[in-house]
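Here is what each chain is made of, one letter per residue.
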Amino acid sequence: MITVASLAPYLGGALALGGVAVAASRRRELLIRWCAWAVGVPLVTGAFWWGRPGAAAIAIAVGVIAVMEFGGLMRLGRVDRGVLAAAVAGVVLAAWLAPGQELRAVAVGALAVAAVPLLAGDADQGLHRLGAGLLGLVWLSVLAALVPLGAGALALFVAVSVADIVAYFAGQRLGGPRLSPLSPAKRWSGTLAGAAAGVGVLAVLSALTWPMAVAVAIGGPAGDLLESMVKRGAQAKDAGHWLPGSGGLLDRIDSLLVALAVLLVLS
């Protein structure tokens, strides 16, 4: 069984090796990104070490920040964002405090999201607000899966992150057909190489099962394309500008979100 304690040495070692590689490259943007990881990895690991309350806390924090970024992309007002953030937090709390009631929490959240433009009588932008709110609820509520998955979710995040990094560099070197018009820089060669690397990471971490492998190989790239579609629709390069070297938090968890969704369906 995977535990946070069993993953900690691998996370620390990867962070140290990454630091050495970044220092050797002397590339400022990579150094900035590594510093963000150096802060984020211990924080997230500590939260999961705490157990279900810690996983719920990190899921709610990430969910609220992601809602704010998503709301900015979709040009949603403060009330829409507030209700959506509360709805996502409610699903996470249900996963922690009332397991088995997550779908009911999603349904209540959907009604609340729909009520905002309806009560406002917004005939011009109401449909856009409703559609964006429901998309955000479905997309971001999968963060609730972090609570029951525990260390397994941490292993999935590591594998998806490695797959994303390998896909980027391998695609640049190998070239070949583009993966999708939604993300012209990504190549099939890089995606396949990243999938292989991600599955390899799962094996090293003793977390390799066929649902986890499918989540990494298919869910990860699909999540990246989904966020690319949202950003292209909003004519934005990044979901935010506050996270050093990474744009926004949504830019870092886009692959994880759909990977979690795939894992939930297959499990």
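Because the structure is a prediction, the values reported are computed rather than measured.

Let's talk about the pattern of salt bridges
- Scanning all chains against the criterion turns up six salt bridges.
- Salt-bridge contacts for Asp224 lead to Lys186; the nearest nitrogen and oxygen are separated by 3.0 Å. Of this pair, Asp224 sits in helix H10 (residues 210-234) while Lys186 sits in strand S2 (residues 183-187); the two residues are 38 residues apart in sequence, bridging distant segments of the chain.
- For Asp224, a relative accessible area of 10% translates into the label buried.
- Here Lys231 makes a salt bridge to Asp251, at a shortest N to O gap of 3.1 Å. Of this pair, Lys231 sits in helix H10 while Asp251 is found in helix H11 (residues 249-266), placing the two residues 20 residues apart along the sequence. Comparing Lys231 with Asp251 shows no difference in burial state: the two are buried.
- One network of salt bridges, in which partners are shared, links Asp80, Asp122 and Arg129.

A word on empty space enclosed by the protein
- Applying the stated rule across the entire model yields one cavity of 30 Å³ or more.
- Approximately 50 Å³ is the volume found for the largest cavity.
- Residue lining of the largest cavity: Leu76, Asp80, Val83, Leu84, Val113, Val116, Arg129 and Gly133, and that is the complete set.
- Those elements giving two or more residues to the lining of the largest cavity turn out to be helix H4 (78-97), helix H5 (102-120) and helix H6 (126-140).
- Here the element with the most residues in the lining of the largest cavity is H4; it accounts for three residues.

Points about the packing of helix H8 (residues 151-174) against H10
- Orientation of H8 relative to H10, taken along the N-to-C sense of each, is 55°, at an axis distance of 10 Å. Here H10 runs oblique to H8, going by the angle between their axes. Taken as a pair, H8 and H10 cross one another with a handedness that is right-handed. Residues Gly152, Leu156, Ala159, Val160, Ala163 and Asp164 of H8 touch H10, and the partners they reach there are Met212, Ala215, Val216 and Asp224.
- Across the contact of H8 with H10, the residue classes tally to seven nonpolar, one polar and two charged.

So, the environment of Trp96
- Within the element layout of this structure, Trp96 appears in helix H4.
- Sequence separation of Trp96 and Ala21 is 75 residues, and the distance between their C-alpha atoms is 39 Å.
- With residues near it in sequence (within four places) discarded, Trp96 still touches Arg52, Pro53, Ala56 and Val147.

Topic: the confidence of the model for the protein
- For the protein, per-residue confidence averages 91 on the pLDDT scale, and 99% of positions sit at 70 or higher.
- When mean pLDDT is compared element by element in the protein, H4 scores highest at 97, while helix H1 (residues 4-25) scores lowest at 83.

A short note on the environment of Gln125
- Mapping Gln125 onto the fold places it in the loop between H5 and H6.
- A sequence separation of 49 residues divides Gln125 from Leu76, and the C-alpha atoms of the two residues are 9.8 Å apart.

Considerations on the layout of surface pockets
- What the second largest pocket holds in volume is close to 350 Å³.
- Taken together, 18 residues line the second largest pocket, and the ones lying closest to its centre are Val106, Val138, Ser141, Val142 and Leu264.
- Listing elements by their share of the lining of the second largest pocket, those giving two or more residues are H4, H5, H6 and H11.
- Per-element tally for the lining of the second largest pocket: the top contributor is H11, with four residues.
- Residue composition of the lining of the second largest pocket, grouped by class: 16 nonpolar, one polar and one charged.

Calculation rules
- Residues numbered from 1 in each chain as written.
- Predicted model: local features only at pLDDT ≥ 70, side-chain atom pairs only at ≥ 80, totals over all residues.
- Heavy atoms only, no water.
- Salt bridge = Lys/Arg side-chain N within 4 Å of Asp/Glu carboxyl O.
- Helix = DSSP H or I, 4+ residues; strand = E, 2+ residues; numbered from the N terminus.
- Buried < 20%, exposed > 50% of the residue type's maximum accessible area, 1.4 Å probe, protein only.
- 1 Å grid on protein atoms, 1.4 Å probe; cavity = no way out; pocket = protein on both sides within 12 Å on 5 of 7 lines; lining within 4 Å.
- Points joined across faces, edges and corners; volume = space filled by probe spheres on them.
- Axes fitted to C-alpha atoms, helices over the stretch in contact; angles between N-to-C directions.
- Parallel < 35°, antiparallel > 145°, perpendicular 65-115°, else oblique.
- Left-handed = near helix turned anticlockwise from the far one by under 90°.
- Contact = heavy atoms within 4.5 Å.
- Nonpolar A, V, L, I, M, F, W, Y, C, P; charged D, E, K, R; others polar.
- pLDDT = per-residue confidence, 0-100.

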